[in-house]
Amino acid sequence: MKSRLLLLAAGLLLSLNAFAMSLQEAKAMGYLGEQLNGYLGLVQANSEAKAVMDEVNAKRRAHYEIIAKKNKISIDDVARLAGEKAINASGKGNYVQDASGKWIKR
């Protein structure tokens, strides 16, 4: 009985993850955009998109820390450079932050 409950719980968890929003979907739907500071920002309120944003931003920060230590520069400098690259690489229809902090659609 216990193993059946574990299998049921695992199956439910996996099925919920299958429906989770991806980063690309969140950007394409206009929920998330690239900011000048190197992190994703919430363009429109959506709890699934916010969860994606929080996860990606945590991974970005960890990656920026590694690069900053390796190159003996600040995390903010690394993040800013990454933000410029991400904005320049953003596809048509995606949101990016302009110099005044407003969201613009490419």
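Residues numbered from 1 in each chain as written. Predicted model: local features only at pLDDT ≥ 70, side-chain atom pairs only at ≥ 80, totals over all residues. Heavy atoms only, no water.

Trainee: Quick question: what am I supposed to make of unusual backbone geometry here?
Mentor: Leave glycine aside and you will find that most residues have negative phi; peptide bonds, for their part, are mostly trans. Positive phi, close to 55°, is recorded for Lys 72, a residue that is not glycine. Looking at the secondary structure, you find Lys 72 in the loop between α3 (47-71) and α4 (75-89). Judged by relative accessible area, which is 76%, Lys 72 ranks as exposed. (Helix = DSSP H or I, 4+ residues; strand = E, 2+ residues; numbered from the N terminus. Buried < 20%, exposed > 50% of the residue type's maximum accessible area, 1.4 Å probe, protein only.)

Trainee: Honestly, the sheet that holds strand β3 (residues 95-97) in this entry has me stumped. Any pointers?
Mentor: Note on sheets: strands pair through backbone hydrogen bonds, and any given pair is parallel or antiparallel. As summarised here, the arrangement of the four strands in space is β2-β1-β3-β4, forming an open sheet in which the pairing is mixed. If you trace the sheet from one side to the other, it starts and ends with β2 (40-42) and β4 (103-105), each paired once. The mean inter-strand angle of the sheet, taken between neighbouring strand axes irrespective of direction, is 40°. Pairing analysis gives three bridges linking strand β1 (residues 32-34) to β2, with the strands arranged antiparallel. Counterpart to Glu 34 in the pairing with β2 is Leu 40. Here α3 sits on the sheet and contacts β1 and β2; the angle it forms with β2, its principal contact strand, is near 160°. (Pairing = 2+ DSSP bridges. Axes fitted to C-alpha atoms, helices over the stretch in contact; angles between N-to-C directions. Contact = heavy atoms within 4.5 Å.)

Trainee: Honestly, the environment of Trp 103 in this entry has me stumped. Any pointers?
Mentor: Take Trp 103: it is sitting in strand β4. Along the primary structure Trp 103 and Leu 42 are separated by 61 residues, whereas in three dimensions their C-alpha atoms are 9.8 Å apart. Discounting residues that sit within four places of it in the chain, Trp 103 has contacts with Gly 33, Glu 34, Gln 35, Gly 41, Leu 42, Val 43, Tyr 95, Val 96 and Gln 97.

Trainee: Looking at this structure, how should I read the packing of α3 against α4?
Mentor: The description of two packed helices rests on the angle between their axes and on the distance between the axes. Running from N to C, α3 and α4 point in directions that differ by 115°, and their axes come no closer than 8 Å. Judged by the sense of rotation from one axis to the other, the crossing of α3 with α4 is right-handed. In this structure, α3 uses Arg 61, Tyr 64, Glu 65, Ile 67 and Ala 68 to contact α4, whose residues at the interface are Ile 75, Val 78, Ala 79 and Ala 82. Per-class residue counts for the contact of α3 with α4 are seven nonpolar, no polar and two charged. (Left-handed = near helix turned anticlockwise from the far one by under 90°. Nonpolar A, V, L, I, M, F, W, Y, C, P; charged D, E, K, R; others polar.)

Trainee: Just checking my understanding: could you explain the pattern of salt bridges for this structure?
Mentor: One pass over the structure, following the stated rule, counts six salt bridges. Between Lys 50 and Asp 54 there is a salt bridge; the shortest N-O distance is 2.9 Å. Of the two residues, Lys 50 and Asp 54 both sit in helix α3, four residues apart, roughly one turn of that helix. Of the residues examined, Asp 54 reaches a relative accessible area of 38% and is grouped as partly exposed. Among the ionic pairs, Arg 61 bridges to Glu 65, the shortest N-O distance being 3.6 Å. Residue Arg 61 and its partner Glu 65 are located together in helix α3, separated by four residues, close to a single helical turn. Since its relative accessible area comes to 37%, Arg 61 is described here as partly exposed. When salt bridges with common partners are traced through the structure, they connect Lys 27, Glu 34 and Arg 60 into a single cluster. (Salt bridge = Lys/Arg side-chain N within 4 Å of Asp/Glu carboxyl O.)

Trainee: Looking at this structure, I do not really get the packing of aromatic side chains. What am I missing?
Mentor: Aromatic ring pairs are defined here through the distance separating the ring centres and the angle between the ring planes. Using the criterion set out here, one finds one aromatic pair in the structure. Taking the centre distance of 5.4 Å and the plane angle of 65° together, the rings of Tyr 39 and Tyr 64 count as edge-to-face. On the criterion of sequence distance, the pair formed by Tyr 39 in the loop between β1 and β2 and Tyr 64 in helix α3 is long-range, its members being 25 residues apart. Tyr 64 matches Tyr 39 in its accessibility class, with the two residues each being buried. (Phe/Tyr/Trp six-rings, centres within 6.5 Å; stacked < 30°, edge-to-face > 60°.)

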